[in-house]
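Given next are the chains, with one letter for each unit.
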Amino acid sequence: MGGVPPLIRPIRKLLIANRGEIALRIMRTARSLGIATVAVSPDADERSPHVGAADESARIDSYLNAEAIVAAARRAGADAVHPGYGFLAESADFAAACGEAGLVFVGPTPDVISLLARKTSARAIANQAGVPVVPMGSQLPMLIKAAAGGGGRGMRIVRRVEDVDSAMDSARGEAERAFGDGTLLMERYIEGARHVEVQIFGDHYGDVIHLFERDCSVQRRHQKIIEESPSPAVTADLRARMCDAAVTLGKAMGYTNAGTVEFLLAPSGEFYFIEVNTRIQVEHPVTEMITGLDLIRLQIEVAEGRALNLAGVEQRGHAIEARLYAEQPENGFLPSTGTVHVWEPGACARIDSGIARGTEVTRLYDPLLAKFVAWAEDRDTAIRKLTYALRSTAVGGVETNRDFLIQVLEHEDFREGRAHTSWSLDYARDGSRDEMLADAAADYIVRERHTSLPGVPAYWRNNPARDPVVKLEIAGTVHECRADATQNCSVWAMGGAYYVHSTAGAATVRVVPRFPEAAPSSKHETANSPMPGQVLRILVEQGQPVKPGDALVVLEAMKMEQTIRAKIGGRVAAILVKQGQVVAPGQMLVEIDSRENADD
Amino acid sequence: MQPLRSSIDRDSQSYQANYAWMSQALERLRTELRRSTQGGGEKYVRRHRERGRLLPRERVEMLLDEGSYFLEIAPLAGIGMENESAGAGVIGGIGLVSGRECLVIANEATLKGGATSEAGLWKNARLADIAVENRLPTILLVESAGADLPVQSKIFVPGGRGFREITRRSKLRIPTIAVVFGSSTAGGAYLPGMSDYVVMVKRQAQVFLAGPPLVKMATGEISDEEALGGAEMHSRISGLSDYLAEDEPDALRIARGIVEHLKPAPEIAARRVRPPEPLYNREELLGIASSDTRVPFEIREVIARIADGSRFDEFKPEYGQTLVTGWARVHGFSVGILGNNGVLMSESSGKGAQFIQLCNQQDIPLIFLQNITGFMVGRTYEEGGIIRNGAKLINAVSSSTVPAITIMVGGSYGAGNYAMCGRAYAPRFLFTWPNHRIAVMGAQQLAGVMDIIKRDALAKARLPVEEEKLAASRQALENQIEKESDCYFATARLWDDGIIDPRDTRAILAISLSAACNAPVEGTMEWGVFRH
């Protein structure tokens, strides 16, 4: 392998087979190099920011349709395709299809991609190159993962023998659903291990270099949320050994373009190879900020056939990235959806975002909204800057993990570099903070309410008995609020909701209607006679379940038949009249009890 | 229209003294008002809540639109009087319900079970006047034990008028909605009885002519309250109730729904635009208003703090200068303002009469800023026809048909009270500042006059003058009059619609004008014979 050095083929027009922040990130570099950009999107995604930011755009039915993307690139006259991450980024077939169509694929060769895509063959290469791999086998604790997997899907940690079977079953199911391949691997699970990866780059002249490590130990649901470089757990000696191992591995397979060699770093200081990601990583800005390089630019240059010329790159200062996701930390990090009504990026950090005001966040795509990356000479300052950036950012319309990220960054374990991959934060909404946010929203709402006399303040009273109380709901909890203008909050109103932002936290606030939908609150109802008459027929029996509207009794009154119907659902508790009986107006006929309703 | 130019000196001793005095007076006002909102006190409030009921003020708040203003009328009625509490057991005022200006009246159920006192009767009568004069739909939030029995002699006979008024309003197409939250018995049963719409709260409303004990006494029939006059009985059987509410919020929701389908109020353009604020700070009114009614102050300084953009188009500025007249806008409403700048003279009276006629000709509402010691006295002025000329002003005020709103910004003495549209001249609304004093004349003068008369009588009867006794009785009389001239004495007796913070004057004028505009604003060109 290694390949014959091709001629330098300058790229003039680049199709970006991706969306969101990474598509915008790639366009930024492309534009700085004078390369025209082509965006792709399905119809439903055509209003996403990446489409507007590109020089031109093409419609495809799906970001996963390789054929359509290649066709779009040809139609647009593009000479290269950048896959970004996710979607088709690690599809050897796609890379091959690009090559066959005469398009430069910005990434490794199809062969390398397919070799590394399977965890089993990747382990074999590592073994051959003398890079330690995590021992396989069924020794407990054990980690089960999908052979074709990534992103934490199909991954299970098993600590007890009796859990093995069920974990295998569920992991296999998840792997099949996610990757169409239920093959599983079993590895020894290393307690307290950190996730440390090394960025490598290879060119078409056989040169493979490393750009130091990234520590991605802080995760939730096996997905990274905070990444930094240097790793607080890596010494200079360890760094040299890990980076050497990564370069050795890269060289062994003639690696080209950007790649990431992932390692588990055990508390003992031993490290084990996990896998190679054959694409640009989400967290690549961390490396950019400590090296001063533009990795997308390097990717394009390598793809054009230029040689890497990176002697003397240093790891300078400290960079940390936090990923802002549309998700609900208090609800198992379930993805949240909605329209971004408020997006006010904060200061003090590089913010790579894929959203704008009005962006729809759907379940169709990855819920990553933006990446915040801070750099400073030292780790503490970088953490402080990143925290500041997150605190000063307002997002409204979709629930995010912003406040969760802030709590992680401020946690002692993280500050002291102790967070490992199974470290987690007990996160719950802070009730008193929510109350404060609700009070601020109440102030906004109260001021917003004006009446037919616009010059008279809302809630004006010449005899004020008490402050107006506004009932507001945050995440299912109702707060009784008094307008408080002293809170340092910003409030945006949109589509019936209020988005409150403060440096201490954020919330989506909704007004609880004063008069809830009128529903008969009674548990007990009687059907009464509306006028004097005679009972013709009784249509129900005691204990019979009835729905609202069901006929109960037929009366004859004024020579007409009249059907008496149930107003509430429940069971017939008692029949108070007999057939043929003469009844007075208002007389109770049938008693219905809804308390047994739950049985039905 | 030119803006007025203010020339007050905030550092002056008089400004500082007035400000300090007024601040203290407002502190007392706030305290009294706060007390007036506490119903029958902690124990009864707790008992009421324990029965799962909303407090009367909570009912009012829940009935009103969110964000609506509420101009409470006579919140301190009955204050300081025997057998009375501040507010007289009634909460009444103007606010928005379903976007419509309504008069809301609620019984203070935690105070003597919401029973009506004598001052409560006066207050109800005043509220009924407001409803009819301004054509405001009226919502009664009923929970009352009826007449305060120990004082029934003061209430029973005149109290009948209230029921008559409901039906007379109905005839004039001014609807009344009664929401019954609790007891509304005997005579009180005619509140729902006479109303156009009746809502009753399940398991709470009790409406009957006689309760179970009286029924047993009268006919021997044994009955319980729910069967005799419960909400379900009245909604299903007697038909007295039009709507059966599940609970209190449901009842208020229903009442709001009823208002929604009423014929809309007349459209008024002034209500929709945000008006320009006055150029000068309303806070300064506290230092402008004189704490001593004998010390005059420039009324234009007040106008500059209530008129839109401080703009005031003065009429006859060079003539009869003790009465300032002119046009302005207040919250967008075009108004004619008459303000005292000294004692009323022949010229100023004539000018005022002419101005009132001009406003009537153009259907412009009037605002009286009353700070008057009376008409000028003395031989020269009597010869100059001060009575004849003053009568012109009183004539014009009496016959005027455009809405008038009177603000007592200082003293109100003698016939000046009449000429400047005092209570007897039926302004639509009348509010007073805390520095307001009201009497036929100043206490000192009154006691002095009585002293002179007594001395004359003694002289006629050739009796000796006992100086000490005379001085003591003079002092006692002066003290009594002084006490009776106080604004709390006045407001307790419904001589006004409430004591207000001067800084609220502009908002109160806006709400008053807006309420007044629910009835057609039509001036008259018909006047009694002017004595020329």
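S.K.: Can you explain the confidence of the model for chain A? Please cite residues and give values.
M.R.: Of all residues in chain A, 96% attain a pLDDT of 70 or more, and the chain-wide mean is 89. Low confidence marks residues 596-600 of chain A, where pLDDT is under 50. Its contacts with residues over four positions away, or in another chain, come to six contacts.

S.K.: Let's hear about helix H13 (residues 346-361) of chain B: which residues, and what values?
M.R.: Residues and elements named next belong to chain B. Under the 1.5 Å per step criterion, the end-to-end length of H13 is 23 Å for 16 residues, consistent within 8% with the ideal 22 Å. Residues Ser 346, Ser 348, Ser 349, Lys 351, Gly 352, Ala 353, Phe 355, Ile 356, Cys 359 and Asn 360 constitute the buried set of H13. After H13 finishes, the residue Asp 363 shows a positive phi value of roughly 55°.

S.K.: Which residues make up the pairing of strand E27 (residues 505-511) of chain A, and what values do they have?
M.R.: All names here are of chain A. Among the seven residues in E27, five count as buried, and that is most of the element. Both strand E23 (residues 469-474) and E27 contribute to a ladder of three bridges, which runs antiparallel. Bridge pairing links Ile 474 to Val 509 in E27. Here strand E26 (residues 497-502) pairs with E27 via six bridges, running antiparallel. Across the sheet, residue Ser 502 finds its bridge partner in E27, namely Gly 505.

S.K.: Before we move on, could you go through the sheet that holds E26(A) and cite the residues and values that matter?
M.R.: All names here are of chain A. Taking strand neighbours across the sheet as the criterion, the five strands line up as E24-E23-E27-E26-E25 in an open arrangement whose pairing is antiparallel. In the strand order of this sheet, the two ends are held by strand E24 (477-482) and strand E25 (490-494), each with one partner. Averaged over all pairs of adjacent strands, the angle between their axes in this sheet comes to 35°, without regard to strand direction. Where helix H12 (residues 402-410) meets the sheet, it contacts E26 and E27, and its direction lies at approximately 155° from that of E27.

S.K.: Could you give me a rundown of the domain arrangement of chain A, with the residues and numbers involved?
M.R.: All names here are of chain A. Domain parsing of chain A yields domain 1 (13-106), domain 2 (317-428), domain 3 (433-511) and domain 4 (524-593). Contact with domain 2, which involves 15 residues of that partner, is made by twelve residues of domain 3. Here domain 2 meets domain 3 over a buried area of about 1,000 Å², counting both sides, of which 53% is carbon and sulfur. In terms of surface lost to domain 3, no three residues of domain 2 exceed His 341, Arg 391 and Asp 403, which account for 37% of the buried area on that side.

S.K.: Please provide a residue-by-residue account of the packing of aromatic side chains, values included.
M.R.: Under the defined criterion, the tally for this structure stands at 17 aromatic pairs over all chains. Judged by centre distance (5.5 Å) and plane angle (85°), the rings of Phe404(A) and Tyr427(A) are edge-to-face. In this pair, Phe404(A) is assigned in helix H12 and Tyr427(A) in the loop between helix H13 (412-415) and helix H14 (431-448), connecting sequence segments 23 residues apart. Both residues of the pair, Phe404(A) and Tyr427(A), count as buried. Summarising the aromatic geometry, the rings of Phe163(B) and Tyr190(B) are spaced 6.4 Å apart at their centres and angled 65° between planes, so their arrangement reads as edge-to-face. On the criterion of sequence distance, the pair formed by Phe163(B) in helix H5 (residues 152-171) and Tyr190(B) in helix H6 (residues 190-194) is long-range, its members being 27 residues apart. Phe163(B) sits in the partly exposed class, given a relative accessible area of 24%. Look at Tyr190(B) and you get partly exposed, because its relative accessible area is 40%. Taken together through their ring pairs, the aromatic side chains of Tyr63(A), Phe87(A) and Tyr365(A) make up a single cluster. Its end group placed over the ring of Phe414(A), Arg379(A) keeps NZ or CZ at 4.8 Å from the ring centre. Across the ring face of Tyr488(B), the terminal group of Arg28(B) is positioned such that the distance to the ring centre comes to 3.7 Å.

About the criteria used
Residues numbered from 1 in each chain as written. Chains lettered and ligands numbered in written order. Predicted model: local features only at pLDDT ≥ 70, side-chain atom pairs only at ≥ 80, totals over all residues. Heavy atoms only, no water. pLDDT = per-residue confidence, 0-100. Contact = heavy atoms within 4.5 Å. Helix = DSSP H or I, 4+ residues; strand = E, 2+ residues; numbered from the N terminus. Expected span 1.5 Å × (residues − 1). Buried < 20%, exposed > 50% of the residue type's maximum accessible area, 1.4 Å probe, protein only. Pairing = 2+ DSSP bridges. Axes fitted to C-alpha atoms, helices over the stretch in contact; angles between N-to-C directions. Domains from an automatic or database assignment. Buried area = accessible area lost by both parts, 1.4 Å probe. Phe/Tyr/Trp six-rings, centres within 6.5 Å; stacked < 30°, edge-to-face > 60°. Lys NZ or Arg CZ within 6 Å of the ring centre and 35° of its normal.

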